[in-house]
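Summary of the model geometry
Each chain, written out:
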Amino acid sequence: MTGEDKKTLERMINGELKWEELKPIISDRKDPSRFEKILDILHEKTSWNEKILIPLHEHLYVVVKDGERIVKCDCGHEFGDYRKNWKLKCRVRVRDTFETLEELYPKYMSSHPDWMELREFFCPGCFTLLDTESVPPGYHVVFNFLPDIDAFYEKWLGRKAPDK
Amino acid sequence: MSNNKIGWNDKSLKEMLDESESLFKDTGRYFGIEKLSLKEEDPFRYERAYASLRGALVSARETALHVAASPIVKEIGELCFGLYTPEGDSLVVSTGILVHIHTMSEAMKFMIKNNYEEDPTINHGDIFLNNDPECGNVHTTDVQTIIPIFWEGELIGWAGGVTHQIDIGGISPGHTLVSCVQRFDDGVYYTCLKIGSNDKIWNDHMQTAKRSVRTPMYWELDEKCRLSGDLMIRDAVLDFIEREGVDYYKKFVREAIEEGRQIMQLRVKERLIPGRYRAASFMDLPFKDEAWQPIAKVNRISNQPLEIIVREDGSIYLSFDGASKWGHNVANCMKGAMEGGQWVLLTQILIYRDKVNDGAYLAVETNYPPGTWCNPGDPYLSYQAPWGNLIPAYTGMMKCISYGLFSRGFREEVVPGYSFTGDAIQGGGIYSAGPLKGERWSLSTFEISGQGLGASAVRDGLNHGYAMWNPEADLGDVETWDLFQGGVVYLARRIKPNTPGHGKFRGGANYAGVAFIANSKQIDFFGAREGMVFHGCGGMHGGYPQATGYRLYAKNTNLKDIFQQQKPYPISDDDPSDGDFEKLIEGEITRKHNALIYPIMLDNYDLIYFPMGGGPGYGDPLERDPESVNQDLNDGYYTEDIVSNVYGVVAQFDDEKEEWNIDQEATKKRRDDILNERKQKSVPFEEFWNRERKKITDDGLSEQVKTMYFESLNLSENWAKEFREFWDFPDDFLKEVD
């Protein structure tokens, strides 16, 4: 494992590693303690005190709060039960006209509104763009990832989840 | 020699296959193996054994490709070889286009299940040819040569090789056609046909085969290339048995496959998190105004919903439940195509190591629902370009795995997707003058092998240098292609601005080509990539999908006069709303949102344009370092208007230094403006839900979108239940299907 110290991982998360530094990390065997190391970094990085169970997203975490497992943004906004799709608590903008799509893409280089729309899901707290969906109009919102937290901790890491 | 029982210990191959499947079903392990005893007893011998076979296969590939002449095989190496057990399970693979490794397994199992041991019989020196998607292939263009390997009267295994043909004798010249609607348009079909004996391809077969394609020389040399590689593998296996003993070989092949299965599960446990992963990918099939055939004249969107369950034991369940119906078009996929796609993804994102075999396939349970594009169940449909569904659909697998990799902490491995491997312009013509007058040329450029890769969670995507579906993203030498497709003369190949998907880390960027037709007659031209929809399942964690393709060409131009007068001609289409084609040439210019084009006739001095795709982005673009955006401007990857609108970066061009420089103050204000715009133009989820639902209830959907919903609702109870529950529709809503 090359360069798996905390500082290097922090720089990696921040996108600061040069290719010469990143390549060995990609090519080398993976550090079995990477999950814990990243959790430590994220606990220091976030401004709130809840325990992170799973880093779900660049800005979202499954955390323990008052005995409940909820999704929380690093800005502090809470999305509720992690078993429910956090996108259903977002602010949403839909780009379904050429006018709005061509703000982002040149003419002819976006989807056609008769075929597809572009959805933007924002955190209601900090208005960070959390997800985009490129789907036909009327498509139900996709639930990206539902982790099996207890199986992960108990069966794969060999210990109880921190809230158990 | 005719053998009824050519398997091990006086069993038939069918009995061996039944036993293998039964033991796997009962135990979940290959041949029920509980202990990797050879590895435990002498790990050095075991690893040396694997490495020697692996080396033999790589060597066979590297040697055999020099027998071929087609640039697709010889230059870019679109071929691969595999060594298989008697039951048809892959043990070791060469380098190359690994999508075909498991497809050949299916061909061998087809021969076993259809009692080839009795008729036509399987003997030492026999040669079998297959390119039928129904019994283990992706599309007819990928042609497989398979030989049995015998040791003292027992079939000890199979060697198989695949090459990608230049032309397969289909409805139009080319290798990945767009205008087929039924099997009989797909080109020549060989269904596990015996074509030789005593290590020699029969003359009558070769005479027939060469008359079945438009490029007979390439066909003949490709066949000899595949057979050469197979024979080298056979020799290597027989040498191995001489050296190590047949009993060791028999035990080794089974343990190595079981180890492959275990490695896959261990890798999953090492890299991912158990749970349910989902992605929704789509492909436009805009045939209504393109197709010639009445039955094909319909616009459709292919729904490709993917669900992956990562189980506690490290195995994976992969399902396309909810997928759209099959179609009267080229994009249907048989089992071989789906499993090949699954294979090529796994070998690149999870099990990229030397010990790759069908053990990995055994660790994945799949659901390709009957009646859908991924399991039509009708061999008479066209399967000529399953890539139209496969490539976008499997972006979902990459994205799902990336969710897991991210959560586990392996952010450097995240890649939410890739570009469609298009625009594969194709066609052909006849030289009308010069030393090759009367000879045919084929347009089959593999520029598509250099696509934009998706961004990762820690860096930008690879620019114009990646192809999920082609070996080593190698375009080959342009000089070789020039010789091969001499009627198409390049005018330019340049960076195409604004192709990457936006994000904190942008997707890989790409380029576009401009060419004109010269010195030819009877020229066919066609091509395809996505145009009406964004490719696959788009970006990740706030990243955007990459730009779509489109179609641009010009007929009856004044290019000859332009050349004679030495005036400027188009070398790009940087701004499609104000294009150089329209500004610099006279002629009939066609510019379409839709990137699909059925074969048309071109003439000398007609111009074609072919943009490649960028990769999807990762993260919120407002978090991208402005200096990186400035570099993108200077590299030509983005234009000023797009970086202002998307990244909130304002830059001025220094005419003297010929470079872009950021206006820091204006950039800060622009980013604040975009944040405010997000607040003003977004709505609470409930309001979004009401507006979106109204699009469905007020009949606001286009014909192709409605058809997509009808099909998925009719084909999957689970998908229908989820859709109806989400929008609070009654159980019979949209139940009537056309």
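Because the structure is a prediction, the values reported are computed rather than measured.

1. Examining the overall build of chain A
The helix and strand inventory of chain A stands at 5 helices and 8 strands. Listing each helix as α and each strand as β along chain A from the N terminus yields α-α-α-β-β-β-β-β-α-β-β-β-α. Summarising its shape, the C-alpha atoms of chain A cover approximately 50 × 45 × 30 Å along the three principal directions. Looking at chain A residue by residue over its 164 residues, the buried ones come to 57%. Counted over contacts in chain A with a minimum sequence separation of 6, partners at least 24 positions apart contribute 41%. Roughly 6,700 Å² of accessible area belongs to chain A as shown, and the carbon and sulfur atoms make up 47% of that amount. Treating the 27 positive side-chain charges of chain A as one cloud and the 31 negative ones as another, the clouds have centres 3 Å apart.

2. Considering the overall build of chain B
When its secondary structure is counted, chain B shows 21 helices and 23 strands. A globule of 738 residues ought to have a C-alpha radius of gyration of about 27 Å, and chain B, at 27 Å, matches this closely. The dimensions of chain B, computed from C-alpha atoms along their principal axes, are 80 × 65 × 55 Å. Here chain B holds 738 residues, and the buried ones make up 64% of them. Of the contacts formed within chain B by residues at least 6 apart in sequence, a portion of 74% connects residues at least 24 apart. A total accessible area of about 25,300 Å² is found for chain B, and carbon and sulfur atoms account for 47% of it.

3. As for the sheet that holds strand β4 (residues 78–81) of chain A
Residue and element names in this part refer to chain A. Pairing in this open sheet of 4 strands is antiparallel, and the strands run β1-β2-β3-β4 from one edge to the other. The strands lining the two open edges of the sheet, one partner per strand, are β1 (51–55) and β4. The sheet shows a mean angle of 35 degrees between the axes of neighbouring strands, taken without regard to direction. Where strand β2 (residues 60–65) meets strand β3 (residues 68–73), 6 bridges bridge the pair, whose relative direction is antiparallel. Note that in β3 the partner of Lys 65 across the bridge is Glu 68.

4. Structural notes on the interface of chain A and chain B
If you look at the interface, chain A gives 75 residues, while chain B gives 97 residues. For the pairing of chain A and chain B, the buried interface totals around 7,600 Å² over both sides, and the portion due to carbon and sulfur atoms is 61%. Three residues, Tyr108(A), Trp115(A) and Trp156(A), lead the burial of chain A against chain B; their summed loss comes to 13% of the area buried on that side. Here chain A and chain B share 10 salt bridges between them. Residue Glu413(B) is joined to Lys30(A) by a salt bridge in which the shortest nitrogen-to-oxygen separation is 2.6 Å. Across the contact surface, chain A and chain B share 44 residue pairs in polar contact (both at pLDDT 80 or more). Tallied by class, residues from the side of chain A that touches chain B come to 46 nonpolar, 12 polar and 17 charged. By the bridge criterion, 3 bridges tie strand β8 (residues 145–147) of chain A to strand β8 (residues 275–286) of chain B in an arrangement that is antiparallel. Looking across to β8(B), one finds that Leu146(A) is bridged to Arg276(B).

5. Concerning the sheet that holds strand β7 (residues 129–135) of chain A
The 4 strands lie next to each other as β7(A)-β6(A)-β5(A)-β23(B), forming an open sheet whose pairing is antiparallel. Only two strands of the sheet have a single neighbouring strand rather than two, namely β7 of chain A together with β23 (683–684) of chain B. Where helix α18 (residues 664–681) of chain B meets the sheet, it contacts β5 (91–95), β6 (117–122) and β7 of chain A together with β23 of chain B, and its direction lies at approximately 95 degrees from that of β5(A).

6. What about the domain arrangement of chain A?
Here chain A is partitioned into domain 1 (1–45) and domain 2 (88–135). Just the C-alpha atoms count here: the centres of domain 1 of chain A and domain 2 of chain A sit 32 Å apart.

7. Focus on the domain arrangement of chain B
Residues and elements named next belong to chain B. Each domain of chain B was delimited in the assignment, giving domain 1 (8–158 + 189–261), domain 2 (269–611), domain 3 (625–681) and domain 4 (685–727). Computed over C-alpha atoms, the centres of domain 2 and domain 3 are 29 Å apart. Across the contact, 12 residues belong to domain 2 and 9 residues belong to domain 3. Each partner contributes to the roughly 880 Å² buried at the junction of domain 2 and domain 3, and carbon and sulfur atoms together form 53% of this total. Considering only the surface of domain 2 that becomes buried against domain 3, Asn 498, His 502 and Arg 506 emerge as the three largest contributors, covering 53% of it. Along the contact surface separating domain 2 from domain 3 lie 1 salt bridge.

8. Let's talk about the packing of helix α5 (residues 101–113) of chain B against helix α9 (residues 335–349) of chain B
Residues and elements named next belong to chain B. Between α5 and α9, whose axes approach to 7 Å, the crossing angle comes to 145 degrees. As for how α5 packs across α9, the hand of that crossing is right-handed. Two secondary-structure elements touch here, α5 through Ile 101, His 102, Thr 103 and Glu 106 and α9 through Lys 335, Gly 336, Glu 339, Gly 340 and Trp 343. Grouping the constituent residues of the contact of α5 with α9 by class yields 2 nonpolar, 4 polar and 3 charged.

9. What about the packing of helix α8 (residues 246–271) of chain B against helix α12 (residues 395–408) of chain B?
Describing two packed helices takes the angle between their axes plus the distance from one axis to the other. Residue and element names in this part refer to chain B. Interhelical geometry of α8 versus α12 gives an angle of 55 degrees and a closest axis separation of 8 Å. With respect to their mutual orientation, α8 and α12 come out oblique. Side by side, α8 and α12 meet where Lys 269, Glu 270 and Arg 271 of the first sit next to Gly 404, Leu 405 and Arg 408 of the second. Split into classes, the residues belonging to the contact of α8 with α12 amount to 1 nonpolar, 1 polar and 4 charged.

10. Some details on the pattern of salt bridges
Residue and element names in this part refer to chain B. Counting across every chain of the model gives 82 salt bridges over all chains. The salt bridge involving Lys 14 is made with Asp 18; its shortest N-O contact spans 3.3 Å. Of this pair, Lys 14 and Asp 18 both sit in helix α1 (residues 13–27), separated by 4 residues, roughly a single helical turn. By relative accessible area, Lys 14 is classed as partly exposed at 33%.

11. A closer look at the pairing of β4(A)
Each regular strand displays side chains that alternate between the two surfaces of the sheet. Residues and elements named next belong to chain A. Pairing between β3 and β4: 3 bridges, direction antiparallel. Directly across from Lys 72, in β4, lies its bridge partner Glu 78. The turn linking β3 back onto β4 is made up of 4 residues, and Gly 76 within it adopts a positive phi angle of 110 degrees.

12. Comments concerning unusual backbone geometry
All names here are of chain B. Omega for the bond connecting Asp 119 with Pro 120 falls within 30 degrees of zero, at 20 degrees, which places this linkage in the cis form. Residue Asp 423 is reached from Gly 422 by a cis peptide bond, and omega for that bond is 10 degrees. Unlike most non-glycine residues, Asp 199 shows phi in positive territory, near 65 degrees. Examined against the element boundaries, Asp 199 turns out to sit in the loop between β6 (193–197) and β7 (200–201). The phi torsion at His 541 lies on the positive side, around 55 degrees, for a residue other than glycine. Mapped onto the elements of the fold, His 541 is located in the loop between β16 (520–527) and β17 (551–555). In this structure His 541 comes out as buried when scored by relative accessible area, which is 3%.

13. Brief notes about the nonpolar core
Residues and elements named next belong to chain B. With 255 residues, the main nonpolar core has Phe 252, Phe 320, Tyr 394 and Trp 469 as its most contacted residues. Here this core takes 9 residues from α8, the largest share from any one element. Core analysis: the next-biggest nonpolar cluster, separate from the first, contains 26 residues, Ile 76, Tyr 431, Phe 484 and Phe 610 among them.

14. Some words on the pairing of β2(A)
Residue and element names in this part refer to chain A. Of all 6 residues in β2, 5 are buried; the element is thus mostly enclosed. Sheet analysis places β1 next to β2, joined by 4 bridges and oriented antiparallel. For Ile 54, the partnering residue across the bridge sits in β2 and is Val 62. Between β1 and β2, which pair antiparallel in sequence order, lie 4 residues.

15. Focus: the state of the cysteines
Linking two cysteines covalently through their sulfur atoms gives a disulfide. Inspection of the entire model under this criterion finds 0 disulfides over all chains. Looking at Cys126(A), it has no disulfide partner, and the nearest cysteine sulfur is the one in Cys123(A), 3.7 Å off. The exposure class assigned to Cys126(A) is partly exposed, which follows from its relative accessible area of 24%. Here Cys374(B) stays free of any disulfide, with the sulfur of Cys333(B) as its closest cysteine sulfur at 7.2 Å. On the accessibility criterion, Cys374(B) (1% relative accessible area) is buried.

Definitions and cut-offs
- Residues numbered from 1 in each chain as written.
- Chains lettered and ligands numbered in written order.
- Predicted model: local features only at pLDDT ≥ 70, side-chain atom pairs only at ≥ 80, totals over all residues.
- Heavy atoms only, no water.
- Helix = DSSP H or I, 4+ residues; strand = E, 2+ residues; numbered from the N terminus.
- Buried < 20%, exposed > 50% of the residue type's maximum accessible area, 1.4 Å probe, protein only.
- Contact = heavy atoms within 4.5 Å.
- Areas by Shrake-Rupley, 256 points an atom, 1.4 Å probe, with all protein chains shown as cover.
- Lys, Arg positive; Asp, Glu negative; His and termini not counted.
- Charge placed at Lys NZ, Arg CZ, Asp CG, Glu CD.
- Rg over C-alpha atoms; globule rule 2.2 N^0.38 Å.
- Pairing = 2+ DSSP bridges.
- Axes fitted to C-alpha atoms, helices over the stretch in contact; angles between N-to-C directions.
- Buried area = accessible area lost by both parts, 1.4 Å probe.
- Salt bridge = Lys/Arg side-chain N within 4 Å of Asp/Glu carboxyl O.
- Polar contact = N/O pair within 3.5 Å; in protein donor to acceptor, adjacent residues only side chain to side chain.
- Nonpolar A, V, L, I, M, F, W, Y, C, P; charged D, E, K, R; others polar.
- Domains from an automatic or database assignment.
- Left-handed = near helix turned anticlockwise from the far one by under 90°.
- Parallel < 35°, antiparallel > 145°, perpendicular 65-115°, else oblique.
- Core = buried A, V, L, I, M, F, W, Y, C linked by side-chain atoms within 4.5 Å.
- Disulfide = S-S within 2.5 Å.

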